[in-house]
Amino acid sequence: MIKKKFIKQCLAGFLSFAMTVTLFPAGMPETVQAADAPQPALHYDMSHADGKLTDISGNSHDGKLNGFQDADFITDDDGDVLKFDGTAKYVEIPSGVIKGGNKEAFTIEATFTDNVQSAAWLFTLGTTVAEWPDVKNYLFVAPCSCDYSGKMLAAIKNDSDELRYDSETAIACEKEGKNIVTVVFDNGNVTYYMNGLKSKTTESGYKIQDILSANSTASCIGYIGKSLYKPDPYFKGTLSDFKVYETALTDEQVS
């Protein structure tokens, strides 16, 4: 009896497994979220040609390189990397990436290394460079700021009103290895992430279209590696990936 009962249990288990394999064939996505992840409107993997970073998203948002030489592009275990040495080298983010009209949601994601603590901005929206207090209308991220004891410094400014990233929830980047910083803008609410860790949301009430209308050009809406304040240093570190999405990613998508 025990032997027969054991055989029946084994047979039931086998049939259950067979049904599972039939219902969920090989190659099926592990989660629905992965299938629903949006595609970036701009994507730089450090491929480059003709003095520009190549937009591999297919949307032709190539980024103009300023001051870089071929020797600044190297290859590590993960692929191509662009070296910023703290001198006047930066990339222009082209106009048209964050569309006009009533578009008030976007996400920027950058993968970088930064081995120095400084006030250097990794990226900014806004183009006019000036001295304090004459710099207006921008959004920026300095991922490893001496002002915040090596933690991320970031802010959004509409005209003369700057709202900084909350220092109490500021997150430090890793000194060794690569980091991913993400900025999600959703109808005035700005949320910053470092390696998937979320900061307190800044409820600015600002419109990104107002900021860009006041401080961008026909060809450029911002920079990678350059601050808008004249005394600030240029970024020193590496960049291996840069994306802009036309939507506000969710916490799960950022993670």
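Parameters and conventions
- Residues numbered from 1 in each chain as written.
- Predicted model: local features only at pLDDT ≥ 70, side-chain atom pairs only at ≥ 80, totals over all residues.
- Heavy atoms only, no water.
- Helix = DSSP H or I, 4+ residues; strand = E, 2+ residues; numbered from the N terminus.
- Contact = heavy atoms within 4.5 Å.
- Areas by Shrake-Rupley, 256 points an atom, 1.4 Å probe, with all protein chains shown as cover.
- Phe/Tyr/Trp six-rings, centres within 6.5 Å; stacked < 30°, edge-to-face > 60°.
- Buried < 20%, exposed > 50% of the residue type's maximum accessible area, 1.4 Å probe, protein only.
- Lys NZ or Arg CZ within 6 Å of the ring centre and 35° of its normal.
- 1 Å grid on protein atoms, 1.4 Å probe; cavity = no way out; pocket = protein on both sides within 12 Å on 5 of 7 lines; lining within 4 Å.
- Points joined across faces, edges and corners; volume = space filled by probe spheres on them.
- Nonpolar A, V, L, I, M, F, W, Y, C, P; charged D, E, K, R; others polar.
- Disulfide = S-S within 2.5 Å.
- Core = buried A, V, L, I, M, F, W, Y, C linked by side-chain atoms within 4.5 Å.

Moving on: the overall build of the chain. When its secondary structure is counted, the chain shows four helices and 17 strands. Across the chain, every contact between residues at least 6 apart in sequence was considered, and the portion connecting residues at least 24 apart equals 64%. Total accessible area on the chain stands at roughly 13400 Å², and carbon and sulfur atoms take up 52% of it.

What follows deals with the packing of aromatic side chains. This model, assessed by the stated rule, comprises 13 aromatic pairs. With 5.2 Å between their ring centres and 10° between their planes, F106 and F185 make a pair best called stacked. Placement of F106 in strand 7 (residues 105-113) and of F185 in strand 12 (residues 179-186) is noted, with a sequence separation of 79 residues between them. In terms of burial, F106 and F185 fall into one category: buried. Grouping aromatic residues by their ring pairs yields a cluster made of W121, Y138, F140 and Y229. One residue, K226, lies across the ring of Y90, its end atom 4.1 Å from the ring centre. Positioned above the aromatic ring of Y223, the side-chain terminus of K226 is 4.6 Å from the ring centre.

Let us look at empty space enclosed by the protein. The tally for this structure, following the rule as stated, stands at one cavity of 30 Å³ or more. Grouping the amino acids of the lining of the largest cavity by side-chain chemistry returns five nonpolar, no polar and three charged.

A few words now on the state of the cysteines. The full count for this structure, using the stated rule, is zero disulfides. With no disulfide of its own, C173 lies closest to C144 among cysteine sulfurs, the gap being 3.6 Å. For C173, a relative accessible area of 4% translates into the label buried.

This brings us to the layout of surface pockets. Considering only enclosed or pocket space, the largest pocket measures out at about 160 Å³ in volume. In terms of lining, the largest pocket is formed by 11 residues, of which the most central are W121, L153, R164, Y229 and D232. Among the elements of the structure, strand 9 (138-145) and strand 11 (161-164) are those that each provide at least two residues to the lining of the largest pocket. A per-class count over the lining of the largest pocket returns seven nonpolar, no polar and four charged.

With 61 residues, the main nonpolar core has L82, F123, L125, V181, I224 and F242 as its most contacted residues. Top element by residues in this core is strand 9. It accounts for six residues. Non-local contacts of I224, meaning those with residues more than four positions away in its chain, are made with Y44, F84, Y90, V91, I93, L122, F123, L239 and F242. In this structure, V184, Y193, Y245 and V254 belong to the second largest nonpolar core, which totals five residues.

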